[in-house]
Amino acid sequence: MPFGFTLVELLVVIAIIGVLIALLLPAVQAAREAAARMNCQSNMKNVTLAFHNYHDTHQAFPLGGDRDTMGTWALYVLPFIEQGALYSSYNFRRGYNNNTVDSGFSKGNQDLLAYLRIPVYTCPTDGDRKSTYSNYMHHNLVVCMGNAAVYQPNDPGTSTTSTQGRGWVIYGDVTEILGAMFWSGCRIGSDTSWSVGYKWVSMTEVTDGLSNTIALSETVQGDRSPSAHSAGSLDLRGLIWWGEGGQFTTYRSPNTLTADNVQFSNATYPGGGTMHNPRHPITASLANNITIMSARSFHSGGVNAALGDGSVRFFPDTINIDTWRALATTYGGEASNQ
Amino acid sequence: MIKQYFFLPFVCFFVFVLGCADSNPQNRLKIEGEVTLGGNPVNNGNIEFEPVGNQKERTHSGSAISNGRYSMPAPQGLVAGEYRVRISVMEEVPGSRVDNPDPMLSKVEYRDIAPPEFGSQTIQKITVETDKVNKFDFKM
């Protein structure tokens, strides 16, 4: 009798190998995701250290965001993440999107910066997406602006969105704003007569302790919209050069199924169809352009966040909401046991 | 005889592996329901639940509303207890749409048309209970 395998033997061997590979593949994917998550945490740590170096130079943490398109923390810390050349080529009298603000300057290549992928601002678990808006690059890292909402009111007496005012606003069940490590340029004064105020937070003001206050977390890079030029059809999450895009608040849990309220964005396309994947929904901003962006990620079951002392932790979606909100404040006096 | 049960170790192994995954340690519950405004299903909005009872686990959750429905699967749902409900309904302001090749110059205003007693000044409360279907409909 000649030596050989029967068909059944062969099939059994193939079936066993198939089962083994099926068992192995999720493990490989999990290992890849674990590596990407660690990479993300290391990026956060580096940026938080850049905040500390910025603090050494300027005696305060950077501004969270200037007015509208006029820059965010992501610009100010460039010299501290070895991107000094980019920083010095940037003209602070114009917006990142090259809009002429100061009449003495003509339009140039100001927005070159916004096309670049800056790896340290990126979470590798997320993709590599550009915005529908002018193909600007989307990133992931966002600073914490408290536990309620930020807003950009209309200019008094008009329906034109103000390029001047933005600040915090109490929203929902948050009854008192107890500070945050990052502030945005905001309106000071009455509705009819006001100026822009800035606040840079220094370490001594963080009385809750730097290890009890969130500096950074992450968001998802917004999807591209099929109708680029149709108003309100953008997903601008991850456009961190833009005032609203560079921040998040802890009003809602991480990775909530509640839609983020973001300017220029909407849940449905004008032509019909729902935007974005159901895990990270988005809709328009509320009255007075109230923006509420939650911490979001494609990691499984939570988000990474860097605390003010430079430590990075993984916060689960199931975190106690009081703890999560307390972690955002700088002088709430709450002790965090996280 | 042995041949008949050769698959048993495999079955045991798979059951063991499945048993490892407890994705819902807080015993959260699935929440779902329908939201209508003036009889029409809400197609663009949010519903949020803020813990107000004395439940030990204080979870905040919510969902986007689409086609008049919302739902949170159990791992992202709520633990049993009392919650305040806040609903927002986004509607395009008629005549506010300006489409421009530069999307940032495109403009469209949205407004929240949820009645105050459901929205900004909400008085709606629900009680989430174990051992029951947690379906909450809101007619505004």
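Rules and cut-offs
- Residues numbered from 1 in each chain as written.
- Chains lettered and ligands numbered in written order.
- Predicted model: local features only at pLDDT ≥ 70, side-chain atom pairs only at ≥ 80, totals over all residues.
- Heavy atoms only, no water.
- Helix = DSSP H or I, 4+ residues; strand = E, 2+ residues; numbered from the N terminus.
- Contact = heavy atoms within 4.5 Å.
- Areas by Shrake-Rupley, 256 points an atom, 1.4 Å probe, with all protein chains shown as cover.
- Buried < 20%, exposed > 50% of the residue type's maximum accessible area, 1.4 Å probe, protein only.
- Pairing = 2+ DSSP bridges.
- Expected span 1.5 Å × (residues − 1).
- Axes fitted to C-alpha atoms, helices over the stretch in contact; angles between N-to-C directions.
- Buried area = accessible area lost by both parts, 1.4 Å probe.
- Salt bridge = Lys/Arg side-chain N within 4 Å of Asp/Glu carboxyl O.
- Polar contact = N/O pair within 3.5 Å; in protein donor to acceptor, adjacent residues only side chain to side chain.
- Nonpolar A, V, L, I, M, F, W, Y, C, P; charged D, E, K, R; others polar.
- pLDDT = per-residue confidence, 0-100.
- Phe/Tyr/Trp six-rings, centres within 6.5 Å; stacked < 30°, edge-to-face > 60°.
- Lys NZ or Arg CZ within 6 Å of the ring centre and 35° of its normal.

> Which parts of the structure should I look at to understand the overall build of chain B?
Of regular secondary structure, chain B possesses 1 helix and 9 strands. Counting helices and strands in the order they occur from the N terminus, chain B gives α-β-β-β-β-β-β-β-β-β. In chain B, once contacts between residues fewer than 6 apart in sequence are set aside, the share between residues at least 24 apart is 63%. Taken as a whole, chain B presents about 7,900 Å² of accessible surface, with 58% of it coming from carbon and sulfur.

> Would you mind showing me how to read the pairing of strand 8 (residues 125–128) of chain B here?
Strand residues, when the strand is regular, have side chains that alternate between the two faces of the sheet. Residues and elements named next belong to chain B. Burial along strand 8 is one-sided: the residues Ile126 and Val128 are buried and none of Lys125 and Thr127 is. In the sheet, strand 6 (residues 81–92) pairs with strand 8 via 4 bridges, with the strands oriented antiparallel. Its bridge partner being in strand 8, Arg84 is matched across the sheet by Lys125.

> What is the right way to read the environment of Arg111(B) from this model?
All names here are of chain B. Here Arg111 lies in strand 7 (residues 110–112). The sequence separation of Arg111 and Ser88 amounts to 23 residues, and the corresponding C-alpha distance is 9.3 Å. Leaving out residues up to four positions away in the same chain, Arg111 has contacts with Val89, Met90, Glu91, Val93 and Pro94.

> Help me out: how do you make sense of the environment of Val133(B) in this one?
Residues and elements named next belong to chain B. Note that Val133 resides in the loop between strand 8 and strand 9 (138–139). Exposure remark for Val133: the relative accessible area of 64% places this residue in the exposed category. For the pair Val133 and Glu32, spaced 101 residues apart in the sequence, the C-alpha separation amounts to 8.9 Å.

> How do you make sense of helix 1 (residues 7–58) of chain A when you look at a structure like this?
Note that an α-helix has 3.6 residues per turn; residues three or four places apart therefore point the same way. Residue and element names in this part refer to chain A. Taking 1.5 Å as the rise per residue, helix 1 with 52 residues should run 76 Å; its terminal C-alpha atoms sit 76 Å apart, in good agreement. Its buried side turned inward, helix 1 meets helix 2 (73–76), strand 1 (141–144), strand 6 (214–218), strand 10 (302–307) and strand 11 (312–316). Looking one or two residues past helix 1, Gln59 carries a phi angle of roughly 60 degrees, positive in sign.

> Teacher, can you tell me more about the pairing of strand 5 (residues 69–72) of chain B here?
Residue and element names in this part refer to chain B. Burial along strand 5 is one-sided: the residues Tyr70 and Met72 are buried and none of Arg69 and Ser71 is. Pairing of strand 1 (residues 31–37) with strand 5, which is carried by 4 bridges, proceeds in the antiparallel orientation. Note that in strand 5 the partner of Glu34 across the bridge is Arg69.

> Looking at this structure, I do not really get the sheet that holds strand 7 (residues 247–248) of chain A. What am I missing?
Think of a sheet as strands paired side by side through backbone hydrogen bonds, with each pair either parallel or antiparallel. Residues and elements named next belong to chain A. Read across the sheet, 5 strands follow the order 7-1-6-10-11 without closing on themselves; strand pairing throughout is mixed. Only two strands of the sheet have a single partner each, and these edge strands are strand 7 and strand 11. Across 5 bridges, the pairing between strand 10 and strand 11 is antiparallel. In the sheet register, Gly302 faces strand 11, and the bridge partner there is Pro316. Of the strands in this sheet, strand 1, strand 6, strand 10 and strand 11 are in contact with helix 1, which crosses strand 10 at around 25 degrees.

> Help me understand unusual backbone geometry in this model?
Peptide bonds are mostly trans, and most non-glycine residues show a negative phi. All names here are of chain B. Of note, the phi angle at Asn27 is positive, near 60 degrees, even though the residue is not glycine. Tracing the sequence through the fold places Asn27 in the loop between helix 1 (8–20) and strand 1. For Asn27, a relative accessible area of 48% puts it in the partly exposed group. Even without a glycine there, the phi angle at Asn67 is positive, about 55 degrees.

> Hey, could you run me through the interface of chain A and chain B in this one?
The extent of an interface is frequently quoted as the accessible surface area lost upon association of the parts. Contacts between the two partners involve 46 residues from chain A, matched on the other side by 41 residues from chain B. Together, the buried faces of chain A and chain B total about 3,300 Å²; carbon and sulfur atoms form 52% of this surface. At the surface where chain A touches chain B, the tally comes to 3 salt bridges. Glu50(B) is paired through a salt bridge with Arg325(A); the nearest N and O atoms lie 2.8 Å apart. Our count for the contact surface shared by chain A and chain B stands at 9 residue pairs in polar contact (both at pLDDT 80 or more). When contributions to the side of chain A that touches chain B are tallied by element, the ones reaching two or more residues are helix 1 and helix 4 (321–326) of chain A. It is helix 4 of chain A that provides the largest number of residues to the side of chain A that touches chain B, a total of 3 residues. Taken together, the residues that form the side of chain A that touches chain B break down as 22 nonpolar, 19 polar and 5 charged.

> How do you make sense of the confidence of the model for chain B when you look at a structure like this?
Caution applies to low-pLDDT regions: their predicted coordinates should not be interpreted in detail. Looking at chain B, the pLDDT average stands at 84 and 81% of residues meet or exceed 70. Taken element by element, the predicted model of chain B shows its lowest mean pLDDT in helix 1 of chain B (62) and its highest in strand 1 of chain B (95).

> Hey, could you run me through the packing of aromatic side chains in this one?
What characterises a pair of aromatic rings is the spacing of the ring centres plus the angle enclosed by the ring planes. Residues and elements named next belong to chain A. On inspection of all chains with the given rule, the structure shows 11 aromatic pairs over all chains. Here Phe61 and Phe182 contribute two aromatic rings whose centre-to-centre distance is 6.3 Å and whose plane-to-plane angle is 50 degrees, an arrangement assigned as tilted. Of this pair, Phe61 sits in the loop between helix 1 and helix 2 while Phe182 sits in the loop between strand 3 (167–169) and strand 4 (186–189), placing them 121 residues apart in sequence. For the pair formed by Phe61 and Phe182, the shared burial category is buried. Both rings, one in Tyr198 and one in Trp200, keep their centres 5.7 Å apart while their planes meet at 40 degrees; by these two values the pair is tilted. Among the aromatic residues, those joined into a ring-pair cluster are Phe51, Phe61, Trp73, Tyr121, Phe182 and Trp241. Taking NZ or CZ as reference, Arg37 lies 5.4 Å from the ring centre of Phe314, over its face. Against the face of Trp183 rests Lys199, its NZ or CZ located 5.6 Å from the ring centre.

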